[in-house]
Amino acid sequence: MTSNKYLPVLVSGFGAGVLSVVPIIKTLNCCLIIPAAAILALLLYQRTILNGAPLSFSNSLSVGLLTGIVAAFFASGFEILITFVTHTNDLVTGLPQSEEFMRQFNLGDLLDQSIVVMREMVEDIKRNGFSALYTIIIISSNLFIFSIFGMLGGLLGMVILNKRSRRNF
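Residues numbered from 1 in each chain as written. Predicted model: local features only at pLDDT ≥ 70, side-chain atom pairs only at ≥ 80, totals over all residues. Heavy atoms only, no water.

Chemist: What should I look at first to understand the packing of helix α1 (residues 7–19) against helix α2 (residues 29–48) in this one?
Modeler: Relative orientation and spacing of two packed helices are given, respectively, by the angle between their axes and the distance between those axes. Interhelical geometry of α1 versus α2 gives an angle of 160 degrees and a closest axis separation of 8 Å. Overall, the two elements α1 and α2 adopt an arrangement that is roughly antiparallel. Pair α1 / α2 crosses with right-handed handedness. Facing α1, whose interface residues are Pro8, Val9, Ser12, Ala16 and Leu19, α2 presents Ile33, Ile34, Ala37, Leu40, Ala41, Leu44, Tyr45 and Thr48. Classifying every residue of the contact of α1 with α2 by side-chain character gives 11 nonpolar, 2 polar and no charged. (Axes fitted to C-alpha atoms, helices over the stretch in contact; angles between N-to-C directions. Helix = DSSP H or I, 4+ residues; strand = E, 2+ residues; numbered from the N terminus. Parallel < 35°, antiparallel > 145°, perpendicular 65-115°, else oblique. Left-handed = near helix turned anticlockwise from the far one by under 90°. Contact = heavy atoms within 4.5 Å. Nonpolar A, V, L, I, M, F, W, Y, C, P; charged D, E, K, R; others polar.)

And the structure:
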């Protein structure tokens, strides 16, 4: 019975990872998609593994965290694959606006160095479809953000699902 213990996490994380690369929907990533995926994973976990029993704090937190991690790896993988195939992404298209925005802060030499690094990443992406630094940044930022919002979704899901399961008894 425990062989499918991680299946709810994989299913929900994969779904969130796919939705995380859809252009218009990905703006709702951290606020809606990742917490909703964690809640769905908890619902599936409660129904399949716990047979409807109430969720514990540790179960909810760990399922939310794992959902966020799985979603981060799938989203990062899809983003890197799409960037590799198309030789463009949000960084490439938004670099001029980013430079203009960053110049408003008058950061001096730090700004110039940051812009040089960003331009190098854009040139690597345009030329090869891949930038190692961009890959590291995408994976690490997705892991950090998705993990936090996955845990928040796990805690919210615990509250919602435990209230719902109490009403059914």
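Chemist: What exactly am I supposed to notice about the environment of Ile34 here?
Modeler: Mapped onto the elements, Ile34 comes out in helix α2. Sequence-wise, Ile34 and Leu152 are 118 residues apart; in three dimensions their C-alpha atoms are separated by 9.2 Å. For Ile34, the contacting residues outside a window of four places in its chain are Ala16, Ser20, Asn29, Gly68, Ala71, Phe146, Phe149 and Gly150.

Chemist: I tried to follow helix α4 (residues 90–103) on my own but got confused; where do I start?
Modeler: With 14 residues, α4 extends 19 Å between its outermost C-alpha atoms, agreeing within 8% with the 20 Å of an ideal straight helix rising 1.5 Å per residue. At Pro96, α4 shows its largest bend, some 45 degrees. Those residues of α4 lying buried are Leu91, Val92, Gly94, Leu95 and Glu99. Looking at where α4 begins, the residue whose side-chain oxygen comes 3.0 Å from the main-chain nitrogen of Leu91 is Asn89. (Expected span 1.5 Å × (residues − 1). Bend = angle between axes of the 7 residues up to and from the residue. Buried < 20%, exposed > 50% of the residue type's maximum accessible area, 1.4 Å probe, protein only. Polar contact = N/O pair within 3.5 Å; in protein donor to acceptor, adjacent residues only side chain to side chain.)

Chemist: It is not clear to me how helix α5 (residues 109–128) should be interpreted in this structure. Could you clarify?
Modeler: Quick reminder: α-helices carry 3.6 residues per turn. Residues three or four places apart thus point the same way. The end-to-end C-alpha distance of α5, which contains 20 residues, comes to 28 Å, matching closely the 28 Å that a straight helix rising 1.5 Å per residue would cover. Gly129, located one to two residues past α5, shows a positive phi value of around 80 degrees.

Chemist: Any chance you could explain the environment of Leu7 here in plain terms?
Modeler: Relative to the assigned elements, Leu7 resides in helix α1. In sequence terms Leu7 and Tyr45 are 38 residues apart; their C-alpha atoms lie 8.3 Å from each other.

Chemist: Could you clarify how one ought to interpret the nonpolar core in this entry?
Modeler: Soluble globular proteins tend to pack their nonpolar side chains together in the buried interior. Counting residues in each nonpolar core, the largest one holds 11 residues, listed as Val9, Ala41, Leu42, Leu43, Tyr45, Ile49, Leu55, Val63, Val70, Met158 and Leu161. Residue assignment for this core shows that the elements contributing at least two residues are α2, α3 (57–86) and α6 (132–168). In terms of residues, this core owes the most to one element, α2, which gives 4 residues. Once residues lying within four places of it in the same chain are set aside, the contact partners of Leu55 are Leu42, Tyr45, Gln46, Leu50, Ser60, Gly157, Met158, Leu161 and Asn162. Grouped together as the second largest cluster of nonpolar side chains are 9 residues, Met121, Ile125, Tyr134 and Ile138 included. (Core = buried A, V, L, I, M, F, W, Y, C linked by side-chain atoms within 4.5 Å.)

Chemist: Help me understand the pattern of salt bridges in this model?
Modeler: Per the stated rule, a full pass over the model turns up 4 salt bridges. For Glu99, the salt bridge goes to Arg119, with nearest N and O atoms at 2.8 Å. Of this pair, Glu99 sits in helix α4 while Arg119 sits in helix α5, and the two are 20 residues apart along the sequence. Residue Arg119 is classed as partly exposed on the basis of its relative accessible area, which comes to 42%. A salt bridge links Arg103 to Asp112; the shortest N-O distance between them is 3.9 Å. (Salt bridge = Lys/Arg side-chain N within 4 Å of Asp/Glu carboxyl O.)

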